[in-house]
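# Observations on chain architecture
Chain residues, written in single-letter form:
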Amino acid sequence: MKLSGNTILITGGTSGIGYEMAKEFIKNKNTVIVTGRNEQKFQKVKNDLKGVVAIKSDVSNPDDVKALYEHIAKDYPSLNVLINNAGVMTEINLQKHQLSATDLTKEIDISVKGTIWMNDAFIPLLKKNRNAATVTVSSALAFVPLAITPVYCAAKAALHSYTLSLREQLRNTDVKVFELAPPATETELLTVFNEEDKKGLSVMSVQAMVASFFKGLSNDKFEICPGQSSMLRFMSRFFPSFILKQLSKSVTRMQAAN
Ligand SMILES: NC(=O)c1ccc[n+]([C@@H]2O[C@H](COP(=O)([O-])OP(=O)(O)OC[C@H]3O[C@@H](n4cnc5c(N)ncnc54)[C@H](OP(=O)(O)O)[C@@H]3O)[C@@H](O)[C@H]2O)c1
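These numbers come from a predicted model, not from an experiment.

Moving on, we come to the overall build of the protein. The helix and strand tally for the protein stands at eleven helices and seven strands. Each principal axis of the C-alpha distribution contributes one length, and for the protein these read about 55 × 40 × 30 Å. Expressed as a percentage of the 258 residues in the protein, the buried residues total 40%. For the protein, restricting intrachain contacts to residue pairs at least 6 apart in sequence, the fraction spanning at least 24 positions comes to 70%.

Ranked by internal contacts, the top residues of the largest apolar core, which has 64 residues, are Leu9, Ile10, Ala22, Val32, Val34, Leu82 and Ile83. A per-element tally of this core places helix α6 (residues 150-169) first, with six residues.

On to the sheet that holds strand β3 (residues 53-56), then. Taken together, the seven strands give an open sheet; going across it, the order is β3-β2-β1-β4-β5-β6-β7, and neighbouring strands pair in parallel fashion. Both edges of this open sheet fall to β3 and β7 (223-224), since each of them pairs with a single strand only. Pairing analysis gives four bridges linking strand β4 (residues 81-84) to strand β5 (residues 133-137), with the strands arranged parallel. Within the sheet, the bridge partner assigned to Asn84 lies in β5 and is Thr136. Packing of helix α2 (residues 39-48) onto the sheet brings it into contact with β2 (31-36) and β3, and relative to β3 it is tilted by some 170°.

Around the ligand, a shell composed of 29 residues is seen, among which Gly12, Gly16, Arg37, Asn38 and Gly87 lie nearest. Of all elements in the fold, only α1 (16-27) and β2 reach the threshold of two or more residues within the shell around the ligand. The residue inventory of the shell around the ligand, partitioned by class, reads ten nonpolar, 15 polar and four charged.

Attention now moves to unusual backbone geometry. Note: most residues except glycine have negative phi, and most peptide bonds are trans. Look at Asn131: it is not a glycine, yet its phi comes out positive at around 55°. Its location among the elements puts Asn131 in the loop between α5 (106-128) and β5. Given 14 C-beta atoms within a 10 Å radius, Asn131 is considered partly exposed. In this structure, Asp220 is a non-glycine residue whose phi angle is positive, near 50°. Considering the arrangement of structural elements, one finds Asp220 in the loop between α8 (206-218) and β7.

So, on to the pairing of β4. Because side chains alternate across β4, one face comprises the buried residues Val81 and Ile83, and the other comprises Leu82 and Asn84, equally buried. Strand direction decides the pairing type here: strand β1 (residues 7-10) and β4, joined by three bridges, are parallel. For Ile10, the partnering residue across the bridge sits in β4 and is Ile83.

Conventions and cut-offs
- Residues numbered from 1 in each chain as written.
- Predicted model: local features only at pLDDT ≥ 70, side-chain atom pairs only at ≥ 80, totals over all residues.
- Helix = DSSP H or I, 4+ residues; strand = E, 2+ residues; numbered from the N terminus.
- Buried ≥ 20, exposed ≤ 12 C-beta atoms within 10 Å, placed from the backbone.
- Contact = placed C-beta atoms within 7 Å.
- Core = buried A, V, L, I, M, F, W, Y, C linked by C-beta atoms within 7 Å.
- Pairing = 2+ DSSP bridges.
- Axes fitted to C-alpha atoms, helices over the stretch in contact; angles between N-to-C directions.
- Near = placed C-beta within 6 Å.
- Nonpolar A, V, L, I, M, F, W, Y, C, P; charged D, E, K, R; others polar.

Right, here's the structure in full:
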């Protein structure tokens, strides 16, 4: 995929990985639109990233997705790249009835339903434009779960499977289907973990992770697994019980704390 001259929509582009992508895409002379829910984060985008358009939109709300599509189709009909990046992560103790039904499954609403609804709305527009692509931001945890964040990992595994099907279904079109499976990356998302959980974890800088993403995009590498993500994918295939056990050590800490 070419890295300049695109019109790019990044969901959840107001912080972390999406923000860094927006910054780099702007430097590379693209038109960039980001979405998110939080007003304060919009202000930061407006102040720091000149030229980026920020639109308030919640991917887990189908009415917002429809309104966003109508806005983009009218004002940015040249949109050719969609990056489904919005996401949250929650630590959940499955033995306790702690969360409301909505909170218990919000990662499914945001990551899975949000990505499916966004692609459903935007693929017809992407198909009309040249050099089109849709990107799923899954996770290294799509390959092997981190047991203290069970719903998050289940959502990312579902996204991985959905993206494989999407790529097969779009094979007869000019829309490329990429998956970015980041490893642990230094963003607000990781604040769910305490220092004990992070011990021994190699956390990638957001700049290095996004640089690896750009390299993968420019080489048309359809499954991009930066840093430790490719190792986790390998381990999940060849040593699944071992790697699951390694990633489950934090369960004891979580259960003692709850
Ligand atoms: N950081 C990691 O270690 C890591 C590893 C693997 C995968 N990932 C994935 O990378 C993606 C980006 O995460 P990040 O690490 O950059 O986290 P982040 O800094 O917390 O950014 C998440 C972004 O998503 C937005 N967002 C959350 N819910 C949304 C919704 N319902 N609708 C629209 N926007 C929403 C947030 O803005 P608002 O809160 O204002 O809506 C924010 O802009 C996620 O899909 C995450 O699962 C991250």
